[in-house]
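Fold and geometry: a report
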Amino acid sequence: MSHTPSSPQPSSSPSPEPGPLLSELRDSAVERLARSGVPTPDVDAELLLGHVTGLGRGELQAAFITGRRAGAGAGPDGGRDAAGALDALLERRAAREPLQHILGVAWFRSLELRVGPGVFVPRPETEGVVQIAIDALRQVPTPEPVAVDLGTGSGAIALAMATEVPNARVHAVEASVDAFIWARENFAAVGADNARLVFDDMGRALPELDGSVDVVISNPPYVPDDAIPRDPEVRLFDPAMALYGGPDGLDLVRSLERTAHRLLREGGLLVIEHGELQGADIRLILTERGWRAAATHVDLTLRDRTTTALR
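Note that the structure is a prediction, hence the values are computed from the model and not measured. (Residues numbered from 1 in each chain as written. Predicted model: local features only at pLDDT ≥ 70, side-chain atom pairs only at ≥ 80, totals over all residues. Heavy atoms only, no water.)

A few words on the overall build of the protein. A tally of regular secondary structure across the protein gives eleven helices and nine strands. The C-alpha atoms of the protein give 25 Å as radius of gyration, which overshoots the globular expectation for 311 residues (19 Å, by more than 25%). Judged by the C-alpha coordinates and their principal axes, the protein covers about 115 × 40 × 35 Å. For the protein, with 311 residues in total, the buried portion stands at 47%. When the accessible surface of the protein is summed, it comes to about 15,400 Å², and 54% of that surface belongs to carbon and sulfur atoms. (Helix = DSSP H or I, 4+ residues; strand = E, 2+ residues; numbered from the N terminus. Rg over C-alpha atoms; globule rule 2.2 N^0.38 Å. Buried < 20%, exposed > 50% of the residue type's maximum accessible area, 1.4 Å probe, protein only. Areas by Shrake-Rupley, 256 points an atom, 1.4 Å probe, with all protein chains shown as cover.)

Counted according to the given criterion, the structure contains 22 salt bridges. Linking aspartate 44 and arginine 93 is a salt bridge whose minimum nitrogen-to-oxygen distance equals 2.8 Å. Of this pair, aspartate 44 sits in helix H2 (residues 41-53) while arginine 93 sits in helix H4 (residues 82-94); the two residues are 49 residues apart in sequence, bridging distant segments of the chain. Taking relative accessible area as the criterion, aspartate 44 reaches 3% and is therefore assigned buried. The salt bridge involving arginine 57 is made with glutamate 46; its shortest N-O contact spans 3.0 Å. You can see arginine 57 sitting in helix H3 (residues 57-66) and its partner glutamate 46 sitting in helix H2, a full eleven residues away along the chain. The class of glutamate 46 is buried, set by a relative accessible area of 7%. Bridged by salt links that share partners, the residues Arg26, Asp27, Glu46 and Arg57 form one connected network. (Salt bridge = Lys/Arg side-chain N within 4 Å of Asp/Glu carboxyl O.)

Moving on, we get to H4. Given a rise of 1.5 Å per residue, 13 residues ought to cover 18 Å, and the 18 Å separating the end C-alpha atoms of H4 matches this to within 8%. Residues of H4 that are buried include every one of Ala82, Leu86, Leu89, Leu90 and Arg93, and no others. Considered in projection along H4, the buried side chains sweep an arc of 105 degrees and stay on one side of the axis. Tucked inside the fold, the buried residues of H4 contact helix H1 (22-35), H2, helix H5 (99-103) and helix H9 (232-237). (Expected span 1.5 Å × (residues − 1). Arc of directions from axis to C-beta. Contact = heavy atoms within 4.5 Å.)

Next up on the list: the pairing of strand S2 (residues 111-114). Side chains of S2 alternate between two faces, with Leu111 and Leu113 buried and Glu112 and Arg114 left unburied. Strand direction decides the pairing type here: strand S1 (residues 105-108) and S2, joined by four bridges, are antiparallel. When the sheet's bridge partners are listed, tryptophan 107 is paired in S2 with glutamate 112. In this structure, the hairpin formed by S1 and S2 is closed by a connection of two residues, where arginine 109 is found at a positive phi of approximately 55 degrees. (Pairing = 2+ DSSP bridges.)

What follows covers the sheet that holds strand S4 (residues 169-174). As summarised here, the arrangement of the seven strands in space is S5-S4-S3-S6-S7-S9-S8, forming an open sheet in which the pairing is mixed. Single-partner strands in this sheet number two, and they are strand S5 (195-199) and strand S8 (292-298). The average angle at which neighbouring strand axes cross in this sheet is 15 degrees, direction not considered. Relative to S5, S4 runs parallel, the two being bridged by five bridges. Among the inter-strand pairings, valine 170 is bridged to a residue of S5, identified as alanine 195. Across the sheet, helix H8 (residues 177-190) is in contact with S4 and S5; its angle to S5 comes to roughly 160 degrees. (Axes fitted to C-alpha atoms, helices over the stretch in contact; angles between N-to-C directions.)

What follows concerns the packing of aromatic side chains. Evaluation of the coordinates by the stated rule reveals one aromatic pair. On the basis of an interplanar angle of 70 degrees and a centroid distance of 5.2 Å, the ring pair of phenylalanine 180 and phenylalanine 199 is categorised as edge-to-face. Of the two residues, phenylalanine 180 sits in helix H8 while phenylalanine 199 sits in strand S5, which places them 19 residues apart along the sequence. The partly exposed category is assigned to phenylalanine 199, whose relative accessible area is 43%. Residue placement shows arginine 26 over the ring face of phenylalanine 64; its charged tip is 4.2 Å from the ring centre. Sitting above the plane of the phenylalanine 120 ring, arginine 123 keeps its charged end 4.3 Å from the centroid. (Phe/Tyr/Trp six-rings, centres within 6.5 Å; stacked < 30°, edge-to-face > 60°. Lys NZ or Arg CZ within 6 Å of the ring centre and 35° of its normal.)

Put simply, helix H6 (residues 124-139) and helix H7 (residues 156-164) touch, their axes get as near as 10 Å, and they point 40 degrees apart. In this view, H6 runs oblique relative to H7, as classed from their interaxial angle. Crossing angle aside, the handedness with which H6 passes H7 is right-handed. Facing H6, whose interface residues are Thr126, Val130, Ala133, Ile134, Leu137 and Arg138, H7 presents Ile157, Ala160, Met161 and Glu164. For the contact of H6 with H7, the class distribution of residues is seven nonpolar, one polar and two charged. (Parallel < 35°, antiparallel > 145°, perpendicular 65-115°, else oblique. Left-handed = near helix turned anticlockwise from the far one by under 90°. Nonpolar A, V, L, I, M, F, W, Y, C, P; charged D, E, K, R; others polar.)

Here it is as structure tokens:
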């Protein structure tokens, strides 16, 4: 009597361990960053977690509420090792490496800019500085107002002007090789055909524009040589060339004043970002050089941040 062979039984294997809750990863990351003195540990933790999982902050908030676990979604690693990837990034941030360097991007007004070692990370307070220049460009009674950004760094100021005042012609000058490379990448990514990037020294740049520019703007190095920036992100990671401006911090201000005086038309506007204690000294420099209506403006924290003057 023949026997029918029995069907093979499926082998049982243990189910993979569920990943940790995304909310747990967030909470432990916040605690770790707070212990390291990071000023905004909650924001930084969520941005880093979003980076490794591929989720936006809104999606993360929903994931926290619904109890979603790591490994249940997309991301650079398919979500398989979000905890391990996050740990590596937290170690860098806890050492006070700038968040923008870790993520590779900085947000400035409507722009997403590439940044990293060798270029100054654009700051939120500069968004208010560039607004002054944008407002001035919009009021110029010519079809194509002209603006110059001296020491453009990542290109943040120049590209903000070019994208928000599309009828303007914007020229950006940078003398640092490292910063110029980042700026060139950002100019290419943004694709504003009314913006031009020039590698040159601030003092001799753009002679072809002498006497024809409507707005000159700059965020120059203005930290005195013997001053030590408080934030480790600045002190340890921002390039010295973008920070220090001589014994009183105003050497580059004096240089850009001379260049702006050469470039601007009569009645053109100069916009300078500076430290909160430098407004009076910069107004004196400008007034002694014949500039009119020198005035200092505060930022959103009511600290002196910008000085303007008319050619």
